[in-house]
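# Structural overview for review
For reference, the chains in residue letters:
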Amino acid sequence: MDFDRDIGRRDTACASYRTDAKFGIAPDNVIPMWIADSDFETAPCVNAALSDAVAHGAYGYGYDKDAYKAANVWWMKERHGWDIDPDWVVACHGLGYAIASVIDIWSEPGEGVAYFTPVYHEFRLKTERAGRRPVELPMALQGRTYVFDWDAAEAAITPDTRILLFCSPQNPSGRVWTTDELRAVAEFAARHDLILVSDEVHNDLVFDGSAHVPMDIAAPEHRDRTITLHAASKTFNLAGLRTGQYIIPDDRLRETVVQRLAALNYDAATLGILATTTAFSVEGDLWRQAQVVYLAENRQLFDEGLNAIPGVKSMPLEATFLPWVDFSGTGMTDQEIEDRLHHHAGVVSAPGPWFGAGGESFHRFNLTFPRATLTEAVRRIQEAFADLQ
C-alpha cells in the first residue's frame, strides 16, 4: 500500500498524459490532473489475481459470473448496507457504455436527456453523440455547496425528456447527497415519467463525516424506473479493463437491458470480471480504506495550498478524488485561468465550462498522485498566481 511510489505512467499508453492531443501541450513536464484516472497502482490482491491469469496463458471465453455477482452482493451489503439480489447484477463493458446504452434504449433521436449541472461532462457528450438533446437542470451554489434548484429544474424540463442522468456522489463537486435529497430526485423523475439512471461509481471513495446512500435505499418505491450503475474502476484504478455493472431490481427494466446486450453480443471481458470479483473482497476493502486515508491527507494539502491564493476557493470535498476549485474571486476570465494553470504552471486541469451551466470560473483537479507530485502541483499553481499574493 505504498501510495507514495511513482509507478511511472508517463511512458505508458495512459490517456491523461496525452495532453498534446487534447490541449496542444507537450506532456514532457506537465502534471495531468484533468482525467478521473489514478496514478496509483491497483490493490495487490487484484494484481495477484491478474498475474495468475496471465501466467496461466489462456484467454478464452469466460462464462461463470456467479462469483462476480456474489462479490457485488457482499460489497454492497458490507459497504453500503444495501441488500441486493445477485440476479439484479448485469455486467457491462464499463459505465461509459452503460450510460450510452440507457440513452439508446429509452430515448429516440431528438428527445431530451436531463441532468443537473455542473456535472460529469460525458453526460452531455454521450447525449449529443446519440443525437439526443441535452436538458440542463442548473443547481444553485449555496455558500460553498450545491443544492437543487427545483424551480429552475421544473422550468427547464420538457415534455419530450425521457431520461434523468444523475451523479451520486456528485462529480465534479464531490457532494454526497442526503436521503431526503435523493428521494426528491426520484420523485422529480417519477413526476415527469423519466428513467432515472443513478451513476454511483464514486460511492466507495467517501471521506469521514459523510455516508453514501444508494438511490434504491433512499427511494425504493421508484424501483420501476431506477437503474443504478457501479464499477470498481475509479476506486481500484481499473477503468482500462472496461467492466462495470448495472444493478436493476425491476424485472422489466432488467430484461430490456439483458435483451439489448444479447442482441449486440456485448459483454464485459473475462479479466475485467476477475479483477472486479477480486477487488470486492475483504482484502480489497482494506486497501480501499488505506487509499481513502491517503486521499484525505492529499485533500488537506491541496485545499490548504489552493485556499491560500487570494480569490481561489477549493470546494469542501465529501467524496471522490476530484477537487472542484472556484477561481471567480481572481476576477479573471476562463481563458486567463486556463492559461495560467495549463501553460504557466504546467498543471493540466479540466476546465469548468466542460461541466455545463455553473461551471464557469471553476476547474476540476485530481488527488490520486503520490504526495510529492501533488506537493509540486500545488507549488506550481501558487507560483502561477503569485502576483495575487
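A few points on the structure. Since the model is a prediction, treat every value here as computed from it, not as a measurement.

Turning our eyes to something else, we now look at the overall build of the chain. Helix and strand counts for the chain come out as 14 helices and 15 strands. Here the C-alpha coordinates of the chain stretch approximately 60 × 55 × 40 Å along the principal axes. Out of the 389 residues in the chain, the part that is buried amounts to 55%. For the chain, the proportion of contacts with a sequence separation of at least 24, taken over those separated by at least 6, is 74%. As presented, the chain carries roughly 15900 Å² of accessible surface, and 50% of it is formed by carbon and sulfur atoms.

The next thing to look at is unusual backbone geometry. That bond from T117 to P118 is cis: its omega, 0°, falls within 30 degrees of zero. For P118, the location among the structural elements is in the loop between β3 (112-117) and α5 (122-129). In this chain, S168 is followed by P169 through a cis amide linkage whose omega measures -5°. Take P169: it is sitting in the loop between β7 (161-167) and α7 (179-191).

All told, the structure shown has 28 aromatic pairs when counted by the stated rule. Ring geometry for F148 and W177: centres 4.5 Å apart, planes at 20°, overall stacked. Residue F148 is found in the loop between β6 (145-147) and α6 (150-156), and its partner W177 is found in the loop between β7 and α7; the two are separated by 29 residues along the sequence. Here K22 stacks its cationic end above the ring of W354, 5.1 Å away from the centre of that ring. One residue, R371, lies across the ring of Y294, its end atom 4.1 Å from the ring centre.

Time to look at the nonpolar core. Core analysis: the biggest nonpolar cluster contains 48 residues, and F236, L306, F327 and F365 have the highest contact counts within it. Among the secondary structure elements, those contributing two or more residues to this core are α2 (44-56), α3 (66-80), α11 (270-279), α12 (282-307), α13 (334-345) and α14 (371-384). Among the elements that make up this core, the one with the highest residue count is α12 (six residues). For L306, the residues in contact, after removing those within four places along its chain, are V312, V325, F327, V378 and I381. Ranked by size, the runner-up nonpolar core spans 34 residues in total, among them W34, V135, Y146 and A218.

What follows deals with the side chain of D326. Mapped onto the secondary structure, D326 falls in strand β12 (residues 324-326). Among buried Asp, Glu, Lys and Arg side chains, D326 stands out as unpaired, with K313 the closest opposite charge at 6.2 Å. In terms of polar contacts, D326 uses its side chain to reach the side chain of S328, at 2.8 Å. Leave out the neighbours within four places in its chain, and D326 touches G311, V312, K313, S361 and F362.

This next bit is on the sheet that holds strand β15 (residues 362-364). Ordered by their spatial adjacency, four strands build an open sheet running β11-β12-β15-β14, and the pairing between neighbours is antiparallel. Single-partner strands in this sheet number two, and they are β11 (313-314) and β14 (350-351). Across the face of the sheet, α13 comes into contact with β14 and β15 while running at roughly 30° to β15.

By the secondary structure assignment, G143 is in the loop between β5 (140-142) and β6. For the pair G143 and W106, spaced 37 residues apart in sequence, the C-alpha to C-alpha distance is 36 Å.

This next bit is on the pattern of salt bridges. Inspection of every chain in the model, using the stated rule, returns 25 salt bridges. Across the pair D267 and K65 runs a salt bridge whose closest N-O atoms are separated by 2.8 Å. Taken together, the positions of D267 in the loop between α10 (251-264) and α11 and K65 in the loop between α2 and α3 put the pair 202 residues apart, joining distant regions of the chain. The shortest N-O distance in the salt bridge between E297 and R371 comes to 3.2 Å. Separated by 74 residues along the polypeptide, E297 in helix α12 and R371 in helix α14 bring together distant segments of the chain. Judged by relative accessible area, R371 falls into the partly exposed class, the value being 21%. What you see here is one network of salt bridges that share partners, running through R79, D204, D285 and R288.

Looking now at the environment of E41. With respect to the element layout, E41 can be found in the loop between β1 (31-32) and α2. Residue classification places E41 among the partly exposed residues on the basis of a relative accessible area of 37%. Along the chain, E41 and D2 lie 39 residues apart, while their C-alpha atoms are 8.7 Å from each other. For E41, the contacting residues outside a window of four places in its chain are R5, I7, N47 and W287. Engagement of the side chain of E41 in a polar contact is seen with the side chain of R5, the distance being 2.4 Å.

Here is what the cut-offs are and how they apply
- Counting of residues starts from 1 at the beginning of each chain's written sequence and follows it residue by residue.
- A pLDDT threshold of at least 70 governs which residues receive local features in this predicted model, and a stricter bar of 80 or more applies before side-chain atom pairs are shown or counted, although totals over entire chains, interfaces and linings include all residues.
- By convention in this description, side-chain values take in all heavy atoms of the structure and omit both hydrogens and water.
- Only DSSP runs of H or I reaching four residues or more are called helices, and only runs of E reaching two or more are called strands; each is numbered from the N terminus.
- Residue burial is assigned from relative accessible area. The probe radius is 1.4 Å, only protein chains are included, and a residue is buried under 20% of its type maximum, exposed over 50%, and partly exposed in between.
- What makes two residues a contact is simply this: any of their non-hydrogen atoms within 4.5 Å.
- Residue-level accessible areas treat just the shown protein chains as cover; the underlying method is Shrake-Rupley with a 1.4 Å probe.
- Pairs were defined over the aromatic rings of Phe, Tyr and Trp, the Trp ring being its six-membered one, requiring ring centres within 6.5 Å. Orientation was assigned from the angle between planes: stacked under 30 degrees, edge-to-face over 60, tilted for the rest.
- Placement of a charge over a ring requires the Lys NZ or Arg CZ to be within 6 Å of the ring centre, with the centre-to-atom vector within 35 degrees of the ring normal.
- We define the nonpolar core as a collection of buried residues of types Ala, Val, Leu, Ile, Met, Phe, Trp, Tyr and Cys that are connected through side-chain atoms lying within 4.5 Å of one another.
- A residue counts as positive if it is Lys or Arg and as negative if it is Asp or Glu; His and the chain ends are not included.
- By definition, a salt bridge exists where a carboxyl oxygen of Asp or Glu is found within 4 Å of a side-chain nitrogen of Lys or Arg.
- Under this definition, polar contacts are N or O atom pairs within 3.5 Å; protein pairs additionally need one hydrogen-donor-capable and one acceptor-capable atom, and for neighbouring residues in sequence, both atoms have to be side-chain atoms.
- Note on pairing: two strands pair once DSSP finds at least 2 bridges between them.
- Here the axes come from fitting lines to C-alpha atoms, over the contacting stretch only for helices, and the angles between their N-to-C directions go from 0 to 180 degrees.

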